[in-house]
Amino acid sequence: MRKKRKIIKYVLTYIILIALALFFTFPFLWVISTSFKGPENIFTWPPEWIPKKPTIENYIAVFKKIPMAKYFLNTLIITSLGVIFQVIFASLAAYPLARLNWKGKNLVFKLILLPMLIPMQGALIVNFITIIKLGLYNTYLGVVLPSAVTIFGIFLMRQHYLSIPAELEDAARIDGCNEFQVFWKISFPLVRPATSALAIFAFTAYWNSFLWPLIVLNSPDKYPVQVGLAQLSSSFEPNFRIASAAIVLVMVPILVFFYFTQRFFIEGYKGAVVK
Amino acid sequence: MKSRKMQVYFIVFLFLGIPLLLLGIFTYYPIIRGVFLSFTKYNMLLGTAKWVGFENYKALFKDKYFYTALQNIMKYLIVVPFIQFFSILLAILVNQKIPGIKFFRTLFYVPVITGSVIVSMAWKWIFNVDGLLNYTLLNLGLIKEPILWLTDSHLAIYSAMFVTFWRGLGYYMVIYLAGLQNIPSDVYEAAKIDGANSKQILFKITLPLLRPTMLFCFIISTLAALKVFEEIYLLTQGASGTATMMYLIYDYAFVRYKFGISAAASVIFSFILLIFTIINFKFFGLGGEKR
């Protein structure tokens, strides 16, 4: 009797899980299915989830009509620049805040955290003007620079530096290391795992960023994929077979990336929420 | 020993210098400059700002879209309790140790990872007049006329809210999952030895211990709901009465080039966000807790 109940519970759980999986993926499945359809019938009843006559002509059309490769290259440049900046600046800035004793340390740290409490929205316009004045309008650097230093990044790295036992650093000092060597040979290698978590968060943020690149870039040959896609959706409105193919092309890399890095997402939050 | 102290200060300047400079330019300066800008008429070509007093605020208060935007962000808050309730359920569901559960977790997270542009485009084709949803409903005979999901001014904002809900579930699920996995397993074992049933375990142990995570999620999802932009931009372009505050700020600055009015809207919006942040902190008593 008990075993039977257990089996029913099992089956029910999986039915719910499969139903939810469909709920979360059907728009994408529809996009994928559409991307392989020919012009004759996108709408048939019942809807064709697996096209009877699959074709790759939409994918060929994407590369012919839309500078997809260029968009990808732009995204790659913006994302790598952004990730490198964020990781380097956060790793450097957090170190003196966590491990060194100096006058004004607490004040500086409090100042850094302050904007987290003041949700200021003026940044959008003012930063736009600043970027123009710096001559960075319509450049990759202009896209990346305002978010090159994030408070979240500094905070995350500081938490990890704090967990290093002081004995390790002191031992290195006694052995004759200068302060630079202590950082470079002892402290930094110990927080290196945290930098990969930060890099992954930064990567997804830059890959999916939309509003800021939309504002700062004005020539389409500098657009990252997300902005390029969004422009597509208005210009190719009637022909969403081609746009579907473009969406699939953008979706695949990020899904592959996520598949290999997913453990960092849950682990990252475990640290972030509790501390 | 003195040289060591010198080294420390040298490192402080070297490591913190550039990051603080960038924070100064792109995070602190906009706070002050934004307020100043809201009292000026900004000339894009010359880069000059002329003091106009409260003119921008007056113009804003005369704009009916400003009130629509205020109403819409308040409506959008309805998403918060729904998203929290269902993402907790989801997290509990995927926290079971059964075969294949990691695969399901990944699937539920797909809408988060694909980003707002793709999600909004996909849903636009579902919600369109001749989209998948109307098509299905018509063919099933459930409706006679196609429903204007994105162009009916009573309906459009709710369609956008649904997309936000759908896209956010996986995000909060992962945070709650991390929270659930932080609960030490011996707490559960002790409860089982004491003869607690699964209902008691849920209400007396799991949910109370999940409280810190809930507070965190409530705060970030409240702010996210008030700040919604991408769904609106991509689904309706702010038409059909769907403009939100962020959309209004964007529209004034980068479509109509009225930077002053946009800055005024930003200042008002910042105050709204500040009020909600204070309410959240007071309500949940987060202020006193060490974080």
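Residues numbered from 1 in each chain as written. Chains lettered and ligands numbered in written order. Predicted model: local features only at pLDDT ≥ 70, side-chain atom pairs only at ≥ 80, totals over all residues. Heavy atoms only, no water.

## What to know about the packing of helix α9 (residues 185–193) of chain B against helix α10 (residues 198–209) of chain B
All names here are of chain B.
Okay, so step 1: Across the interface, α9 lies against α10 with an axial gap of 11 Å and an inter-helix angle of 165°. When the axis of α9 is compared with that of α10, the two are roughly antiparallel. Where α9 crosses over α10, the two elements pack in a sense that is right-handed. On the side of α9, the interface is formed by Val-187, Tyr-188, Ala-191 and Lys-192, while α10 contributes Ile-201, Ile-205, Thr-206 and Leu-209. (Axes fitted to C-alpha atoms, helices over the stretch in contact; angles between N-to-C directions. Helix = DSSP H or I, 4+ residues; strand = E, 2+ residues; numbered from the N terminus. Parallel < 35°, antiparallel > 145°, perpendicular 65-115°, else oblique. Left-handed = near helix turned anticlockwise from the far one by under 90°. Contact = heavy atoms within 4.5 Å.)

## Brief notes about the nonpolar core
Okay, so step 1: Counting 189 residues, the largest nonpolar core has Tyr161(A) and Phe108(B) as the members making the most contacts within it.
Okay, so step 2: Looking at which element gives the most residues to this core, the answer is helix α8 (residues 156–181) of chain B, with 14 residues.
Okay, so step 3: Residues in contact with Tyr161(A), not counting those within four places in the same chain, are Ser91(A), Ala94(A), Tyr95(A), Ala98(A), Arg99(A), Phe183(A), Ser187(A), Phe188(A) and Val191(A). (Core = buried A, V, L, I, M, F, W, Y, C linked by side-chain atoms within 4.5 Å. Buried < 20%, exposed > 50% of the residue type's maximum accessible area, 1.4 Å probe, protein only.)

## Digging into the layout of surface pockets
Okay, so step 1: Approximately 1,800 Å³ is the volume attributed to the second largest pocket.
Okay, so step 2: Lining the second largest pocket are 39 residues, with Lys9(A), Ile92(B), Asn95(B), Gln96(B) and Ser198(B) sitting closest to its centre.
Okay, so step 3: Where the lining of the second largest pocket is concerned, the elements lending two or more residues are α1 (2–35) of chain A together with α4 (79–94), α5 (101–114), α8, α9 and α10 of chain B.
Okay, so step 4: In terms of residue count, the dominant contributor to the lining of the second largest pocket is α1(A) (11 residues). (1 Å grid on protein atoms, 1.4 Å probe; cavity = no way out; pocket = protein on both sides within 12 Å on 5 of 7 lines; lining within 4 Å. Points joined across faces, edges and corners; volume = space filled by probe spheres on them.)

## Points about the interface of chain B and chain A
Okay, so step 1: In this complex, chain B contributes 98 residues to the contact, which on the side of chain A involves 92 residues.
Okay, so step 2: Here chain B meets chain A over a buried area of about 8,700 Å², counting both sides, of which 80% is carbon and sulfur.
Okay, so step 3: Contact with chain A buries area across many residues of chain B, yet Phe15(B), Phe26(B) and Trp125(B) alone supply 9% of it, more than any other trio.
Okay, so step 4: Across the chain B-chain A interface, the total number found is 1 salt bridge.
Okay, so step 5: Of the charged contacts in the structure, one is a salt bridge between Glu179(A) and Arg4(B), with a shortest N-O distance of 2.9 Å.
Okay, so step 6: Where chain B touches chain A, the interface holds 9 residue pairs in polar contact (both at pLDDT 80 or more).
Okay, so step 7: Top contributing element to the side of chain B that touches chain A by residue count: helix α1 (residues 2–37) of chain B, with 25 residues.
Okay, so step 8: For the side of chain B that touches chain A, a count of residues per class yields 70 nonpolar, 19 polar and 9 charged. (Buried area = accessible area lost by both parts, 1.4 Å probe. Salt bridge = Lys/Arg side-chain N within 4 Å of Asp/Glu carboxyl O. Polar contact = N/O pair within 3.5 Å; in protein donor to acceptor, adjacent residues only side chain to side chain. Nonpolar A, V, L, I, M, F, W, Y, C, P; charged D, E, K, R; others polar.)

## Here we look at the pairing of strand β2 (residues 48–51) of chain B
Residues and elements named next belong to chain B.
Okay, so step 1: Taken together, the 4 bridges between strand β1 (residues 40–43) and β2 define a ladder with antiparallel strand orientation. Note on β2: the bridge partner recorded for Thr-40 is Trp-51.
Okay, so step 2: Counting the residues that bridge the hairpin from β1 to β2 gives 4 residues, and of these Gly-47 lies at a positive phi of roughly 70°. (Pairing = 2+ DSSP bridges.)

## A look at helix α6 (residues 116–127) of chain B
All names here are of chain B.
Okay, so step 1: Taking 1.5 Å of rise per residue, 12 residues should cover 16 Å, and α6 covers 16 Å from first to last C-alpha, within 8% of that figure.
Okay, so step 2: The buried fraction of α6 amounts to 12 of the 12 residues, a majority that puts the element mostly inside the structure.
Okay, so step 3: Inspection of α6 places Ser-116, Val-117, Ile-118, Val-119, Ser-120, Met-121, Ala-122, Trp-123, Lys-124, Trp-125, Ile-126 and Phe-127 among the buried residues, and these make up the whole buried set. (Expected span 1.5 Å × (residues − 1).)

## Let's talk about the domain arrangement of chain A
Residue and element names in this part refer to chain A.
Okay, so step 1: Domain annotation of chain A identifies domain 1 (2–55) and domain 2 (63–274).
Okay, so step 2: Taking only C-alpha atoms, the centre of domain 1 and the centre of domain 2 are 35 Å apart.
Okay, so step 3: On the side of domain 2, 7 residues touch domain 1, which itself brings 9 residues to the contact.
Okay, so step 4: Both faces combined, the contact of domain 1 with domain 2 buries some 730 Å², and carbon together with sulfur accounts for 81% of it.
Okay, so step 5: At the junction of domain 1 and domain 2, the tally comes to 0 salt bridges.
Okay, so step 6: Linking domain 1 to domain 2 there are 0 residue pairs in polar contact (both at pLDDT 80 or more).
Okay, so step 7: The class makeup of the residues in the side of domain 1 that touches domain 2 is 5 nonpolar, 3 polar and 1 charged. (Domains from an automatic or database assignment.)

## Re the pattern of salt bridges
Residues and elements named next belong to chain A.
Okay, so step 1: Across all of its chains, the model carries 8 salt bridges over all chains by this definition.
Okay, so step 2: Between Glu-169 and Arg-99 there is a salt bridge, with its nearest N and O atoms 3.2 Å apart. Separated by 70 residues along the polypeptide, Glu-169 in helix α8 (residues 166–174) and Arg-99 in helix α3 (residues 68–99) bring together distant segments of the chain.
Okay, so step 3: Its relative accessible area of 16% is what places Arg-99 among the buried residues.
Okay, so step 4: Two residues, Arg-173 and Glu-179, come together in a salt bridge whose shortest N-O distance is 2.7 Å.

## A few points about the packing of α5(B) against α8(B)
All names here are of chain B.
Okay, so step 1: Interaxial distance between α5 and α8 falls to 6 Å at its minimum, and their mutual angle equals 130°. Between α5 and α8, the interaxial angle falls into the category oblique. Along this stretch, α5 crosses α8, giving a crossing that reads as left-handed. Facing α5, whose interface residues are Arg-105, Phe-108, Tyr-109, Pro-111 and Val-112, α8 presents Trp-166, Arg-167, Gly-170, Tyr-171, Met-173, Val-174, Leu-177 and Gln-181.
Okay, so step 2: Here the residues of the contact of α5 with α8 sort into 9 nonpolar, 2 polar and 2 charged.

## Side note on the packing of aromatic side chains
All names here are of chain B.
Okay, so step 1: If you walk through the whole model with that rule in mind, you get 53 aromatic pairs over all chains.
Okay, so step 2: For the pair Phe-162 and Phe-165, a centre-to-centre distance of 6.1 Å together with 45° between the ring planes defines the contact as tilted. Placement of the pair is Phe-162 and Phe-165 together in helix α8, with a separation of 3 residues, close to one helical turn.
Okay, so step 3: What makes Phe-162 partly exposed here is its relative accessible area of 30%.
Okay, so step 4: According to the relative accessible area criterion, Phe-165 is buried, its value standing at 14%. (Phe/Tyr/Trp six-rings, centres within 6.5 Å; stacked < 30°, edge-to-face > 60°.)

## Describing the domain arrangement of chain B
Residues and elements named next belong to chain B.
Okay, so step 1: Annotation of chain B at the domain level lists domain 1 (2–54) and domain 2 (56–284).
Okay, so step 2: Placing a centre on the C-alpha atoms of domain 1 and another on those of domain 2 gives a separation of 33 Å.
Okay, so step 3: In this complex, domain 1 contributes 10 residues to the contact, which on the side of domain 2 involves 8 residues.
Okay, so step 4: In this assembly, domain 1 packs against domain 2 so that about 770 Å² is buried in total across both faces, 68% of it on carbon and sulfur atoms.
Okay, so step 5: Three residues stand out in domain 1 for area buried against domain 2, namely Ser-38, Met-44 and Phe-54, and they jointly supply 57% of the buried area on that side.
Okay, so step 6: Counting across the interface, domain 1 meets domain 2 through 0 salt bridges.
Okay, so step 7: Inspection of the domain 1/domain 2 interface yields 6 residue pairs in polar contact (both at pLDDT 80 or more).
Okay, so step 8: Counting only elements with at least two residues in the side of domain 1 that touches domain 2, the list comes to α1 and β1.
Okay, so step 9: At 3 residues, α1 tops the list of elements feeding residues into the side of domain 1 that touches domain 2.
Okay, so step 10: Each residue belonging to the side of domain 1 that touches domain 2 can be placed in one class, and the counts come to 7 nonpolar, 3 polar and no charged.

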